Amino acid sequence: MFEKILAGVALALCVVLLVRLMVGVRRRLQFDFALQRLWLAVRRGGLSAWRWPSARRAARDAIERAKAGEWEGNVYRPKSFRRPRKPH
């Protein structure tokens, strides 16, 4: 079963490449650009799926740090700001 699927994919790829060779230069450039955009979209989707858990964890950690500090309205003031300033 797997061999038949792989053979079908290889046949489809060969037909697409043959058609690409038969069309003119302008259509070939358009086709290449469309394939490049498709590849970049698939790659971007794969990378975002791969990195999603770590990004979610980083966001959760940032939210937890923000909850731990003191908020005055919409201003966050860490405890380190309470120390007296050093004279210069």
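Residues numbered from 1 in each chain as written. Predicted model: local features only at pLDDT ≥ 70, side-chain atom pairs only at ≥ 80, totals over all residues. Heavy atoms only, no water.

## Quick notes on the overall build of the protein
Move 1: When helices and strands are counted, the protein shows two helices and two strands.
Move 2: A compact globule built from 88 residues would reach a C-alpha radius of gyration of about 12 Å, whereas the protein, at 27 Å, exceeds it by more than 25%.
Move 3: Along the three orthogonal principal directions, the C-alpha set of the protein runs to about 75 × 40 × 25 Å.
Move 4: Expressed as a percentage of its 88 residues, the buried residues of the protein come to 0%. (Helix = DSSP H or I, 4+ residues; strand = E, 2+ residues; numbered from the N terminus. Rg over C-alpha atoms; globule rule 2.2 N^0.38 Å. Buried < 20%, exposed > 50% of the residue type's maximum accessible area, 1.4 Å probe, protein only.)

## Quick notes on the pattern of salt bridges
Move 1: One pass over the structure, following the stated rule, counts one salt bridge.
Move 2: The salt bridge partner of arginine 20 is aspartate 32, with a shortest N-O separation of 2.8 Å. With a gap of twelve residues between them, arginine 20 in helix H1 (residues 2-22) and aspartate 32 in helix H2 (residues 25-68) connect regions that are remote in the sequence.
Move 3: For arginine 20, a relative accessible area of 23% translates into the label partly exposed.
Move 4: Here aspartate 32 falls in the partly exposed class, since its relative accessible area comes to 28%. (Salt bridge = Lys/Arg side-chain N within 4 Å of Asp/Glu carboxyl O.)

## A closer look at the environment of arginine 65
Move 1: With respect to the helices, strands and loops of the structure, arginine 65 is situated in helix H2.
Move 2: Taking the C-alpha atoms as reference points, arginine 65 and valine 9, separated by 56 residues in sequence, lie 50 Å from one another.

## Examining a nonpolar patch on the surface
Move 1: Residues Leu35, Leu38, Trp39, Leu40 and Val42 make up a contiguous nonpolar surface patch of about 510 Å² in total accessible area.
Move 2: Following the sequence through the fold, tryptophan 39 ends up in helix H2.
Move 3: Assessed through its relative accessible area of 55%, tryptophan 39 is described here as exposed. (Patch = residues over 30% accessible without salt bridge, like charges linked within 9 Å, V, L, I, M, F, W, Y side chains within 5 Å. Areas by Shrake-Rupley, 256 points an atom, 1.4 Å probe, with all protein chains shown as cover.)

## Side note on H1
Residues spaced three or four apart along an α-helix point in a common direction, a consequence of the helix completing one turn every 3.6 residues.
Move 1: Counted at 1.5 Å a residue, the expected span for H1 with its 21 residues is 30 Å, and the 31 Å between its end C-alpha atoms agrees.
Move 2: H1 sits mainly on the outside: zero of its 21 residues count as buried. (Expected span 1.5 Å × (residues − 1).)

## With respect to the environment of serine 54
Move 1: Structurally, serine 54 can be placed in helix H2.
Move 2: Using a relative accessible area of 38% as the deciding quantity, one classes serine 54 as partly exposed.
Move 3: Along the sequence, serine 54 and leucine 6 sit 48 residues apart, while their C-alpha atoms lie 34 Å from each other.

## Some words on the confidence of the model for the protein
Move 1: Of all residues in the protein, 92% attain a pLDDT of 70 or more, and the chain-wide mean is 85.
Move 2: Predicted confidence in the protein is weakest over strand S1 (residues 70-72), with a mean pLDDT of 76, and strongest over H1, with 94. (pLDDT = per-residue confidence, 0-100.)

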